[in-house]
Amino acid sequence: MRNSRSTPDMRENNNSRKPHRMKPAVFVMQQLEMLGLVDEKLESNAFLRTLINTIPDLVWLKSPDGIFLACNPPFERMIGAREAEIVGKTDHDLLERELADVFRKHAIKAMTSGAPCVNETWLDFAEDGYRGLFETIKTPMRDQQGAIIGILCIARDISALKQAAENQRLAASVFDNCQEAVLIADSDNKIVAVNRAFTQITGYSSEEVLGKNPKMLSSGRQSETFYNGMWQSLQRYGLWRGEIWNRRKSGEIYAELLSIATICDDSGKIQRYVAIFSDISLLKEHEAELNRAANYDALTGLPNRRLLTDRLQQAILRTRRNSGILAVCYMDLDGFKQINDKYGHEVGDQLLMSITQRLQYVLCSGDTLARLGGDEFVALLNDQQLERDYFPALERILDIVGTSVNHEAYELTLSASIGVTFYPHNNADGDTLLRHANQAMYAAKQNGKNRYHLYDTEHDQRMNSLQSTRKRFVEGLENGEFELFYQPKIALDTCRVIGAEALIRWRHPERGLLSPGEFLPIIENSDLEILLGEWVTDSALAQLSAWSGSGIDFEASINISTRHLQSPWFVQRLAQKLAQYPELPHKRLQIEILETAALEDFVQSSEAMENCRKLGISFALDDFGTGYSSLAYLRKLSVEVLKIDQSFVRGMLGDDGDRAIVEGIVALAKTFGRKTVAEGIEMPELIPVLAEIGCTHGQGYGIARPMPVDVLMAWYESYCNRSIDRRSS
Ligand code: C2E
Ligand code: MG
Ligand code: MG
């Protein structure tokens, strides 16, 4: 309407009487005269005029046929014209048609009914664009005879009132319909209003609570301090928010999320407390459920690994405070897997539950029993002052786990292996304590199960340092710090060099040149033996090939550990390596294995040796004489050479026993068609003696020490020259 409004002058006048042809003032005077309203009083009564003009509402007068007779300034502002321009015109001259029709209709209604006609109408102010809702009252004016002589119209802006009423209605509807319970209390903390949700949550109707103190809802679960805190926050910040346990009318205790705010008057004095709360019992239950799932094992209800970590942390702190000892016991059931496989998971689960129950029975209330999954449990035992004070409890655990369980037709018996470490003797963090207890548990298994094993801190330290040395070993191998030295082997009858034994050396950047005795022990019984063996094989084959290329037909023997020999891919990998040197006769490579080791797992070793032999590789039994090989074994092993241990060779000149052993070995080798190598020939005098006995080959410091390959070549050259000299002299 505001946009379509046109100024009164521009409006199309659809009034047939065209009143504007006359000057308005003249016209009005005529009209007023006709109505008998022009008398001295009216004309002169400036007081009345002032009155109308002072009224803040819109006021205007009209003749019965709708012609404006007068109006006050607010009405002028609405129309956007001065009174002089308004008077004499009709609604249709001044207003948009739709509004003009409405105004006219209401005026007619008032006149026909003879009573005030009240309406609410949206009006746009031409002057400042204001739009508001107005209550218009159109009242017929009568002369003294009672005849209607005009209409008095008053319009009052009720926009703000309407808005306030609307706001109130909205607030009331929110109050009534919101899901949260609302409780309003006065400054004395007496309840003055509650909503529907309050009744739904607490079970109390508003009649039952009005005038009462909200204390009536309290469950007694919160302490005095809790409420003091709440009141302090309300006084200080005008606000409190938190979770609280309250009691329903039924007596049931429930959790609510509660916000309380104070409403103050202008002077800051508290007038009202408004409490809004929702029932979060379900949420709490859900939370508890999640907590259970996150922290407890579903089958046994015991704390799981996550909660155990937490408990262990607390136990460590407590132990520190009490200067006591904490026992961390890692337990694994022996033979559980077999029962599970044999009787099914259901039986397995029942067994776990029954063991859990029994274990709980033997543990004290301050102890923690947790299940890490499968058949692994951890018990944290407190409150003892000495390690040995825990032993009876550990025995009890073993006994209780070992007690057989009757399941339907079967009687099931288990045992446990327990690894134990004590804090603070083992002054480690929680994770490490668990790891150590776990290591000890494995030791208990290895030692025969159904027992507990105490973790040995020193042993662990040794293992740790071993691990770091092993790491360094691998780095050394990767950095090319290893090298093969070669010690010549000669034929004892001719003194001709037939080849050399490859012996590993580590050129350690910090420690200098290391002999095998200084680093082989650290890789003993580990797969690093395989790693080294592979490197040695590659290296020796490359060397053999290089020699072969320069016309030197040396053999080379390499030392291979049994672990390597028995590894699944040994033969296959050796074949691959050999294939890289097609021109190299395979027999140039010999493998030395310790006599003692070869006999340890005879079947496996002999199978691998047999397969290697098929590749053309020969074997030597190293340090022979120390392993007490039985003749039967010796016959079956496909070895070409027996290397007589240097301890017998070294001493044979002065010790008849040693000599007898050497002679015995040589005789034995002859019987079985094997060659012999005498190791440790420190003195050249031994050479003819050994040759005489019938020993075929020899090596030792008396001939040459192990040396780098280029030194060997130089040595070999001078050795050959010396031999020629000897022969020619
Ligand atoms: P082994 O296979 O019996 O090698 C002979 C050892 O005796 C060598 O010690 C050699 O230097 C030493 N030797 C030689 N002649 C004499 C002598 O006249 N007097 C004395 N006192 N000693 C002599 P090395 O090089 O220290 O090697 C020690 C052991 O380490 C070897 O004994 C062998 O069992 C092992 N080994 C050496 N290299 C390797 C390798 O590459 N792999 C593996 N797995 N073991 C190796
Ligand atoms: Mg050897
Ligand atoms: Mg040896």
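Each value, and the rule that gives it
Residues numbered from 1 in each chain as written. Chains lettered and ligands numbered in written order. Predicted model: local features only at pLDDT ≥ 70, side-chain atom pairs only at ≥ 80, totals over all residues. Heavy atoms only, no water. Donors = N, O, S within 2.8 Å, 3.2 Å for Na, K, Ca; no water. Helix = DSSP H or I, 4+ residues; strand = E, 2+ residues; numbered from the N terminus. Buried < 20%, exposed > 50% of the residue type's maximum accessible area, 1.4 Å probe, protein only. Expected span 1.5 Å × (residues − 1). Contact = heavy atoms within 4.5 Å. Salt bridge = Lys/Arg side-chain N within 4 Å of Asp/Glu carboxyl O. Pairing = 2+ DSSP bridges. Axes fitted to C-alpha atoms, helices over the stretch in contact; angles between N-to-C directions. Near = heavy atom within 4 Å. Polar contact = N/O pair within 3.5 Å; in protein donor to acceptor, adjacent residues only side chain to side chain. Areas by Shrake-Rupley, 256 points an atom, 1.4 Å probe, with all protein chains shown as cover. Nonpolar A, V, L, I, M, F, W, Y, C, P; charged D, E, K, R; others polar. Arc of directions from axis to C-beta. UniProt positions renumbered as here; feature names shortened; annotations may be inferred. Phe/Tyr/Trp six-rings, centres within 6.5 Å; stacked < 30°, edge-to-face > 60°. Lys NZ or Arg CZ within 6 Å of the ring centre and 35° of its normal.

Q: Is there a simple way to think about the coordination of the magnesium ion (ligand 2) in this case?
A: Put simply, the ideal angle at a metal is 109.5 degrees for four donors in tetrahedral geometry and 90 or 180 degrees for six donors in octahedral geometry. Protein coordination at the magnesium ion (ligand 2) comes from E501 (OE), N559 (OD1), E592 (OE) and D622 (OD), with a distance range of 2.0 to 2.2 Å. In the primary structure, the donors to the magnesium ion (ligand 2) are separated according to the pattern E-x57-N-x32-E-x29-D. Distance-wise, the magnesium ion (ligand 3) is placed 4.2 Å from the magnesium ion (ligand 2), both being coordinated by D622. Here E592 is found in strand β22 (residues 589-594), whereas its partner D622 is found in strand β23 (residues 618-624), with 30 residues between them in sequence. Of the two residues, E592 and D622, both sit in the buried class.

Q: Mind showing me how you'd approach unusual backbone geometry here?
A: Glycine aside, residues mostly have negative phi, and peptide bonds are mostly found in the trans state. With omega at 10°, the peptide bond leading from Y423 into P424 counts as cis. Among the structural elements, P424 can be located in the loop between β16 (415-423) and α17 (430-446). The backbone phi angle of K449 is positive, close to 65°, even though this residue is not glycine. Overall, K449 belongs to the partly exposed group, its relative accessible area being 38%. The backbone phi angle of N450 is positive, close to 50°, even though this residue is not glycine. Among the secondary structure elements, N450 is positioned in the loop between α17 and β17 (451-454).

Q: Any chance you could explain helix α13 (residues 305-322) here in plain terms?
A: Note on helix geometry: an α-helix contains 3.6 residues per turn, so any two residues three or four positions apart are oriented the same way. For α13, with 18 residues, the first-to-last C-alpha span of 25 Å sits near the 26 Å given by 1.5 Å per residue. Looking only at α13, the buried set comprises L307, L308, L312, A315, I316 and T319. For α13, the secondary structure elements touched by its buried residues are α12 (281-295), β11 (325-334), β12 (368-373), β13 (376-384), β16 and α17. A positive phi of about 45° marks S323, the residue just after α13.

Q: Looking at this structure, I do not really get the pattern of salt bridges. What am I missing?
A: As a working rule, side chains carrying opposite charge can pair if their charged atoms are close by. Scanning all chains against the criterion turns up 31 salt bridges. Between R131 and D124 there is a salt bridge; the shortest N-O distance is 3.2 Å. Classification of D124 by relative accessible area gives buried; the value is 1%. A salt bridge links R659 to E663, with the nearest nitrogen and oxygen atoms 3.0 Å apart. On the criterion of helical spacing, the pair formed by R659 and E663 is a turn pair, its members being 4 residues apart in helix α27 (residues 656-672). The class for R659 is partly exposed, based on a relative accessible area of 28%. The structure contains a network of salt bridges with shared partners spanning K489, E501, E592, K643 and E679.

Q: Any chance you could explain the coordination of the magnesium ion (ligand 3) here in plain terms?
A: The protein atoms that coordinate the magnesium ion (ligand 3) are D622 (OD), D623 (OD), E679 (OE) and E679 (OE), at distances of 2.0 to 2.4 Å. Counting the intervening residues between successive donors of the magnesium ion (ligand 3) yields the motif D-D-x55-E.

Q: Hey, could you run me through the sheet that holds strand β1 (residues 58-62) in this one?
A: Within a beta sheet, neighbouring strands are joined by backbone hydrogen bonds and run either parallel or antiparallel to one another. In spatial order, the strands read β2-β1-β5-β4-β3; together these 5 strands make up an open sheet with antiparallel pairing. Strand pairing shows two members of the sheet lacking a second neighbour, β2 (68-71) and β3 (117-124), which therefore form its edges. Going across the sheet, the axis of each strand differs from the next one's by a mean of 25°, ignoring polarity. Contacting β1, β3, β4 (131-142) and β5 (148-157), helix α7 (residues 97-113) runs over the sheet at an angle of about 165° to β3.

Q: Please clarify how the site of ligand 1 should be interpreted in this entry.
A: In the vicinity of ligand 1, 21 residues are found, and the nearest of them are E501, D622, Q646, E682 and Y701. A distance of 3.0 Å is found between a nitrogen atom of ligand 1 and a side-chain nitrogen or oxygen belonging to Q487. Here D623 contributes a side-chain N or O atom positioned 3.2 Å from an oxygen atom of ligand 1. Starting from 790 Å² of accessible surface for ligand 1 in isolation, the protein chains cover 82%. Contributions of two or more residues to the shell around ligand 1 are made by β19 (497-508), α19 (516-523), β23 and α26 (646-651). For the shell around ligand 1, a count of residues per class yields 8 nonpolar, 5 polar and 8 charged.

Q: Before we go on, may I ask you to explain the environment of G430 in this structure?
A: With respect to the helices, strands and loops of the structure, G430 is situated in helix α17. Linking G430 and D622, residues 192 residues apart in sequence, is a C-alpha distance of 48 Å. If we ignore the near neighbours within four places in the chain, the residues touching G430 are L312 and I316.

Q: What is the right way to look at α19 in this model?
A: Among all positions in α19, only P516, F519, I522 and I523 are buried. For α19, the arc enclosing every buried residue in end-on projection is 145°, short of the 170-degree limit, so these residues lie on one face. Those residues of α19 hidden inside the fold are in contact with α18 (457-478), β18 (482-491), β19, β20 (512-514) and α20 (528-549). Two residues or fewer after α19 comes N525, characterised by a positive phi angle close to 60°.

Q: Can you help me understand the pairing of β18 in this one?
A: Each regular strand displays side chains that alternate between the two surfaces of the sheet. The buried fraction of β18 amounts to 9 of the 10 residues, a majority that puts the element mostly inside the structure. Across 9 bridges, β18 lies against β19 in antiparallel orientation. The residue of β19 that forms the bridge with Y486 is A502. Between β18 and β19, which pair antiparallel in sequence order, lie 5 residues; one of them, C495, sits at a positive phi of approximately 65°. Pairing of β18 with strand β26 (residues 697-698), which is carried by 2 bridges, proceeds in the antiparallel orientation. For I490, the partnering residue across the bridge sits in β26 and is G698.

Q: Even after reading the chapter, I still don't get the UniProt feature "domain: PAS" (unreviewed entry) in the protein, so can you show me in this structure?
A: In the numbering adopted here, UniProt assigns the feature "domain: PAS" (unreviewed entry) to residues 44-114 and 167-213. Across residues 167-213, helical content stands at 47% and strand content at 21%; the span's end C-alpha atoms are separated by 29 Å.

Q: Would you mind showing me how to read the UniProt feature "domain: PAC" (unreviewed entry) in the protein here?
A: When the UniProt feature table is mapped onto this chain numbering, "domain: PAC" (unreviewed entry) sits at residues 117-170 and 240-292. With 23% helix and 57% strand, residues 240-292 has end C-alpha atoms that lie 30 Å from one another.

Q: Can you walk me through the sheet that holds strand β10 (residues 270-279) in this structure?
A: As summarised here, the arrangement of the 5 strands in space is β7-β6-β10-β9-β8, forming an open sheet in which the pairing is antiparallel. Taken across any chain shown, the strands that pair with only one partner, and hence form the sheet edges, are β7 (191-194) and β8 (239-247). With direction set aside, neighbouring strand axes in the sheet form an average angle of 25°. Note that strand β6 (residues 181-186) and β7 share 3 bridges and pair antiparallel. If you follow A185 over to β7, its bridge partner there is I191. Along the sheet, helix α11 (residues 224-237) makes contact with β8, β9 (253-264) and β10, crossing β8 at roughly 150°.

Q: What is the right way to read the packing of aromatic side chains from this model?
A: Tallied over the full model, the rule gives 21 aromatic pairs. Judged by centre distance (5.8 Å) and plane angle (90°), the rings of F473 and W506 are edge-to-face. In this pair, F473 sits in helix α18 while W506 sits in strand β19, placing the two residues 33 residues apart along the sequence. Classification of F473 as buried rests on a relative accessible area of 0%. Cluster of aromatic residues (ring-pair linked, three or more members): W60, F68, F75 and F103. In this structure, R221 is placed above the aromatic ring of W245, and the distance from its NZ or CZ to the ring centre is 4.4 Å. Here the guanidinium or amino end of R705 rests over the ring plane of Y701, the centre of that ring lying 3.8 Å away.

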